[in-house]
Amino acid sequence: MSLPEGGEVYHMNIIILLIGISLTIGIIFLVIFLWSMKSGQYDDTYTPSIRMLFEDKKKKEHGKGDK
Amino acid sequence: MKSIVNEDVPVAQAVTCFHCGQPCEETLWLDNKVFCCYGCKTVFEILNDNDLCEYYTLDKNPGISTKAEEGVFAYLDEPDIRKKVIGFDSPSFASVQFNVPAIHCASCIWLLEHLERLNSGILKSEVNFAQKSVWINFNPQKITLSTIAHLMARVGYAPQIRLEKETKKKNADYGLITKLALAGFCFGNVMLFSFPEYFGLDNSENSLARLFSWLNLGLSIPVFFYSANDYFRSAQASFRQKQINIDVPIALGLIALFARSTYDIITATGPGYLDSFTGLVFFLLIGRWFQNKTYESLAFDRDFKSYFPLAVHKLFRNEWKPVVIYDLHSGDQIRIRHMEIIPADSILLDEKAYVDYSFVTGESKPVKVLQSDLVYAGGRLIGQPVTLVVEKKTSQSHLTSLWNHDAFRKVEESQYKKIIDRAARRFTWIVMVIALITAVYWYFISPAQMWLVLTSVLMVACPCALALAAPFTYGNMQRVFGHHQFYLKNADVIERLATIDAVVFDKTGTVTAGQKPDIGFIGELSKEEYGWIKELTSYSTHPLSSLLTKFIRETSNSTISEFKELPGKGIEGKINDHILRIGSAPFAGCTEKIDSRSSLVFVSVDNNVRGYFTISTLTRENIKPMLDRLRDKCSALLSGDNDADRSKMAELFSPSVQLLFNQSPHDKLDFIRSLQSQGKKVLMVGDGLNDAGALKQSDVGIAITDDTGVFTPACDGILHGDQITQLDNFLKLAKSSTRILKTAFVISFLYNAIALTFAVTGHLTPLTAAILMPVSSISVVGFSSLAIKSLRFKVEPA
């Protein structure tokens, strides 16, 4: 227990910074998850996996509007 | 699968259609490919013309048979309806979502996502496989909504139009997941900030501990106010009804834990129990989510299989054929006969009709309906058969709810339901008292532990497993019955079925069946008159009428007016100004006494008795072993006919069984009553036509049907004629399911008792309690489902 005063304050600051970063990242991911769910990305997990296998030999008359 | 091969073309057996893969009854050729019908061929031609044949390479025979008539979609362009169906609308761009139940494979997705090649008005289409729906963007100036629907129907993907939007359930599920995600996030972080606490902190780092405590509190607030709010809301609702439901202890536990922790943190007296609190909510929500999923997967089948197959006659290319009512679509023409139920909201095509709405309104006086008026689903037609056009598809559940209408409810309520209701209410009080005593006890022993123990007790004692056992056991049983073409009104019937100790049979249509009857006519009739008789009998649903309709080959183009059916007597009608009466001897005006071994149906034209049909129906196959197995439970046979069949019936039934003939509907009812006054629980099996009163009076009334379901709301169950040989097995199954239910009760009670002991003595943390709670409900539900499943294999017909 011979840490000088300044050392403890230094530790505190680092920990507070780390907490801030970890919480921010966590919240960002939480928000991303909630957004992806609300926007319907988990509605249908089957069709997109099939759709990407279709070979599109159609003439390019329509602009491709894929999501 | 039978396949009738065209005689001219000696092709191999089992030729299957290139488009839909079904065996072809007649073969159509195009490009060396076989098609079963013009519908399938047309679809192929459309796809071929538009260079869409890749459809066939993705999956083998991906098409849907288009034998079913295409629907009529013109009504989609009505502004009112269009507004309801369409999602987004502007002059040059609109989008719509269609439900397409036919979606089943990769080819379906491919074709439906390339709809723009069929019509340039379609801009883009996207399939949602899970929901079996297609989202279509289109240009309303180039293509109308009805054209799109028609186009899809032509390639075999007729959209199902539902005017009510069903998005509520989806949102509820999302709400739960959002709550779960939030609780999980907060729980993880709270645990992280509690680490120093777990390992023990130095006093010198006190300020850090305070910071962590405040962070924990901040993270717990959304959990308390958002994630857990379902429990509080449900508890609050139950208070408003001056009752206590099973969510109350949970809500109390959560509040206790949160309030105490907040107090500790604000006054700096301790770190609180926020890790336990957030974890508790997290696991409770996981449990709830898992429960929902389990129930969904277990209950899914029920919607389709345990509903009775009510059928109606639908017009297929100038021919009336019976179809199941969920195959009806708007625009279909249907024919309804006397006493049949109108299955969907429809428009009357004939001049007039009389409809009895007693199932809907309770008022039994028939209402007169005029041409092109709307007739509502659930009405029963009285008198002459009529033709209707279906306006709106009805859900089977609507009719089932009619079946469960108060007017047909048996007086006694389900016993188990009563027990559970009472138990659940008392249980909650008992839990609260136990929790209070425990809290007081721990306050003196170890105050620090008190809050956790209190919460564990409140969590673990939740009696939800108890409440779920009955609906699941009986619900599953109902499904098993449905599998064997035995359709019950509701799950309570099983409970009553288990207590049956007397079985009464009706004769015509029940013990005897319509297969290959021996019919003859004694007397004289002209060909024309035969045709009239056929016309008249086709109006009636009585088993003998159906037999005669099938037997007579002559047809008549005249129509019947003033049709009347008198239960237990006969039918009457006016045709070409002649009054035709068909029925029992006194009804037709015959005074002679004729001895015969068959059923006699007398015919009179303009009050002159012209003779009689002799109909000897055969008894159903394999019915004797069933009757033998029923043994002394089988107590009587009631027949409205004369005693011509007495000797035949005496062979079938054991000598102790009463055989009663010439019974009027009222006699049958009285007989059931007298059995009941002897303290017996009576099961009545009949055709539901002239024994409706008896079916209603009996403890369980079962109506037997052969091809079409004549809907008799007075009965508790509908059994397919072929399955009557399984009747004793059904009774046995009902008994076993009651046993299973009792076992499930014992299991869930033991669960609660044991877990409560651990909780009260402080050996169970709130977290374990939160995990145990859903596990117990799921295990009880799982037990009953598995037990029923194993029964089902045992009782499969030998």
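Residues numbered from 1 in each chain as written. Chains lettered and ligands numbered in written order. Predicted model: local features only at pLDDT ≥ 70, side-chain atom pairs only at ≥ 80, totals over all residues. Heavy atoms only, no water.

A. Fine view of the overall build of chain B. Within chain B one finds 26 helices and 28 strands. Counting only residues that meet the buried cut, chain B has 53% of its 798 residues in that class. (Helix = DSSP H or I, 4+ residues; strand = E, 2+ residues; numbered from the N terminus. Buried < 20%, exposed > 50% of the residue type's maximum accessible area, 1.4 Å probe, protein only.)

B. Representation of the overall build of chain A. Helix and strand content of chain A: two helices and zero strands. Scored against the burial criterion, the 67 residues of chain A give a buried share of 18%. With the model as given, the accessible surface of chain A reaches about 5500 Å², and the carbon-plus-sulfur share is 66%. (Areas by Shrake-Rupley, 256 points an atom, 1.4 Å probe, with all protein chains shown as cover.)

C. Seen up close, the packing of helix 21 (residues 623-630) of chain B against helix 25 (residues 727-760) of chain B. Residue and element names in this part refer to chain B. Running from N to C, helix 21 and helix 25 point in directions that differ by 40°, and their axes come no closer than 8 Å. Regarding the angle of helix 21 to helix 25, the classification is oblique. On the side of helix 21, the interface is formed by Met626, Arg629 and Leu630, while helix 25 contributes Leu727, Asp728 and Leu731. Looking at side-chain class alone, the contact of helix 21 with helix 25 contains four nonpolar, no polar and two charged residues. (Axes fitted to C-alpha atoms, helices over the stretch in contact; angles between N-to-C directions. Parallel < 35°, antiparallel > 145°, perpendicular 65-115°, else oblique. Contact = heavy atoms within 4.5 Å. Nonpolar A, V, L, I, M, F, W, Y, C, P; charged D, E, K, R; others polar.)

D. Highlighting the environment of Trp451(B). Residue and element names in this part refer to chain B. The topology assignment puts tryptophan 451 in helix 14 (residues 447-460). The spacing of tryptophan 451 and tyrosine 273 is 178 residues in sequence and 8.7 Å in space, taken between C-alpha atoms. Excluding anything up to four places from it in sequence, tryptophan 451 contacts Ala256, Leu257, Arg260 and Tyr273.

E. Focus on unusual backbone geometry. Residues and elements named next belong to chain B. In this structure, alanine 268 is a non-glycine residue whose phi angle is positive, near 60°. Within the secondary structure, alanine 268 sits in the loop between helix 9 (247-266) and helix 10 (274-305). On the basis of relative accessibility, which here comes to 47%, the residue alanine 268 falls in the partly exposed class. Unusually for a residue other than glycine, asparagine 607 sits at a positive phi of about 65°. Mapped onto the elements of the fold, asparagine 607 is located in the loop between strand 22 (599-605) and strand 23 (608-619). By relative accessible area, which is 58% here, asparagine 607 ends up exposed.

F. Focus on the pairing of strand 19 (residues 560-566) of chain B. All names here are of chain B. Where strand 19 and strand 20 (residues 570-575) come together, five bridges link them in antiparallel fashion. Within strand 20, the residue paired with lysine 564 across the bridge is glutamate 572. What sits between the antiparallel neighbours strand 19 and strand 20 is a turn of three residues, in which glycine 568 has the positive phi angle 80°. (Pairing = 2+ DSSP bridges.)

G. Structural view of the sheet that holds strand 12 (residues 367-370) of chain B. All names here are of chain B. Strand order in this open sheet of three strands is 12-11-14, and the pairing throughout is antiparallel. Looking at strand neighbours, the two that pair on one side only are strand 12 and strand 14 (380-382), the edges of this open sheet. Each adjacent strand pair in this sheet contributes to an overall mean axis angle of 45°, direction not counted. Across three bridges, strand 11 (residues 352-356) lies against strand 14 in antiparallel orientation. Across the sheet, tyrosine 354 pairs through a bridge with isoleucine 382, a residue of strand 14.

H. A nonpolar patch on the surface, seen in detail. A surface patch of nonpolar side chains, about 910 Å² in accessible area, is lined by Ile14(A), Leu17(A), Leu18(A), Ile21(A), Ile25(A), Ile28(A), Phe29(A), Ile32(A) and Trp35(A). Mapped onto the fold, Leu18(A) is located in helix 1 (residues 5-38). (Patch = residues over 30% accessible without salt bridge, like charges linked within 9 Å, V, L, I, M, F, W, Y side chains within 5 Å. Salt bridge = Lys/Arg side-chain N within 4 Å of Asp/Glu carboxyl O.)

I. How the structure looks around the packing of aromatic side chains. For the structure on display, the rule yields 19 aromatic pairs over all chains. When the ring of Phe33(A) is compared with that of Tyr42(A), the centres are 6.0 Å apart and the planes differ by 45°; the resulting orientation is tilted. Owing to a relative accessible area of 29%, Phe33(A) belongs among the partly exposed residues under this scheme. Taking the relative accessible area as the measure of exposure, Tyr42(A) reaches 45% and is therefore partly exposed. Ring geometry for Tyr441(B) against Trp442(B): centres 5.9 Å apart, planes inclined by 90°, an arrangement best described as edge-to-face. (Phe/Tyr/Trp six-rings, centres within 6.5 Å; stacked < 30°, edge-to-face > 60°.)

J. Structural context of the pairing of strand 17 (residues 502-506) of chain B. Residue and element names in this part refer to chain B. Taking burial as the measure, the five residues of strand 17 include five buried ones, the bulk of the element. Residue alternation in strand 17 divides its side chains into two sets, Ala502, Val504 and Asp506 and Val503 and Phe505, and both sets are buried. Both strand 17 and strand 26 (residues 682-686) contribute to a ladder of four bridges, which runs parallel. Across the sheet, valine 504 pairs through a bridge with methionine 684, a residue of strand 26. Where strand 17 and strand 24 (residues 634-638) come together, four bridges link them in parallel fashion. By the bridge assignment, valine 504 is partnered in strand 24 with alanine 636.

K. Looking closely at the side chain of Thr473(B). Along the chain, Thr473(B) turns up in helix 15 (residues 464-483). Once you skip the residues sitting within four places of it in the chain, Thr473(B) turns out to touch Ser737(B), Ile740(B), Leu741(B), Ser784(B) and Ile788(B).

L. Region of the structure containing the pattern of salt bridges. Overall, the coordinates contain 10 salt bridges over all chains when judged by the stated rule. Glu126(B) is paired through a salt bridge with Lys124(B); the nearest N and O atoms lie 3.2 Å apart.

M. Representation of the nonpolar core within the structure. Residues and elements named next belong to chain B. Ranked by internal contacts, the top residues of the largest apolar core, which has 65 residues, are Leu254, Phe277, Val281 and Leu284. Element by element, the count of residues in this core is highest for helix 6 (residues 168-199), at 12 residues. Leaving out residues up to four positions away in the same chain, phenylalanine 277 has contacts with Ser220, Val223, Phe224, Leu254, Leu257 and Phe258. (Core = buried A, V, L, I, M, F, W, Y, C linked by side-chain atoms within 4.5 Å.)

N. Structural detail: helix 8 (residues 229-240) of chain B. All names here are of chain B. Compared with the 16 Å implied by 1.5 Å per residue over 12 residues, the 16 Å span of helix 8 between its first and last C-alpha is a close match. Taken together, the buried positions of helix 8 are Asn229, Tyr231, Phe232, Ser234, Ala235 and Ser238. Looking at the residues trailing helix 8, positive phi occurs at lysine 242, about 55°. (Expected span 1.5 Å × (residues − 1).)

O. Molecular detail of the sheet that holds strand 28 (residues 717-720) of chain B. All names here are of chain B. Pairing is mixed in the open sheet, where seven strands are placed in the order 16-28-27-26-17-24-25. Looking at strand neighbours, the two that pair on one side only are strand 16 (486-488) and strand 25 (658-660), the edges of this open sheet. Averaged over all pairs of adjacent strands, the angle between strand axes in this sheet comes to 20°, irrespective of strand direction. As paired elements, strand 27 (residues 700-705) and strand 28 share four bridges and run parallel to each other. Residue pairing in the sheet places alanine 703 in a bridge with isoleucine 718 of strand 28.

P. Representation of the environment of Lys368(B). Among the secondary structure elements, Lys368(B) is positioned in strand 12. Sequence separation between Lys368(B) and Lys352(B) is 16 residues; the distance between their C-alpha atoms is 7.0 Å.

Q. Main features of the packing of helix 7 (residues 206-227) of chain B against helix 9 of chain B. Residue and element names in this part refer to chain B. Where helix 7 contacts helix 9, the two axes come as close as 10 Å, and the packing angle between them is 150°. Taken together, helix 7 and helix 9 sit at an angle that is classed as roughly antiparallel. For the pair helix 7 and helix 9, the crossing hand works out as left-handed. Residues Arg210, Ser213, Trp214, Leu217, Ser220, Ile221 and Phe224 of helix 7 touch helix 9, and the partners they reach there are Leu254, Ile255, Phe258, Thr262, Ile265 and Ile266. By residue class, the composition of the contact of helix 7 with helix 9 is nine nonpolar, three polar and one charged. (Left-handed = near helix turned anticlockwise from the far one by under 90°.)

R. Fine view of the environment of Ile50(A). Among the secondary structure elements, Ile50(A) is positioned in helix 2 (residues 47-51). With sequence-adjacent residues up to four places away left out, Ile50(A) is seen in contact with Ala106(B) and Ile109(B).

S. Examining the confidence of the model for chain B more closely. All names here are of chain B. Averaged over chain B, the pLDDT score is 77; the fraction of residues at 70 or greater is 81%. Put simply, helix 12 (residues 396-403) is where chain B has its lowest mean pLDDT, 60, and helix 7 is where it has its highest, 89. Segment residues 300-307: pLDDT under 50, and 18 contacts once partners within four positions in sequence are set aside and those in other chains are kept. The ipTM assigned to the predicted complex is 0.74, against a pTM of 0.60. (pLDDT = per-residue confidence, 0-100.)

T. Examining the confidence of the model for chain A more closely. For chain A, per-residue confidence averages 73 on the pLDDT scale, and residues scoring 70 or more make up 63% of the total. Within the model, the stretch residues 59-67 of chain A combines pLDDT values under 50 with four contacts to residues more than four positions away or in other chains.

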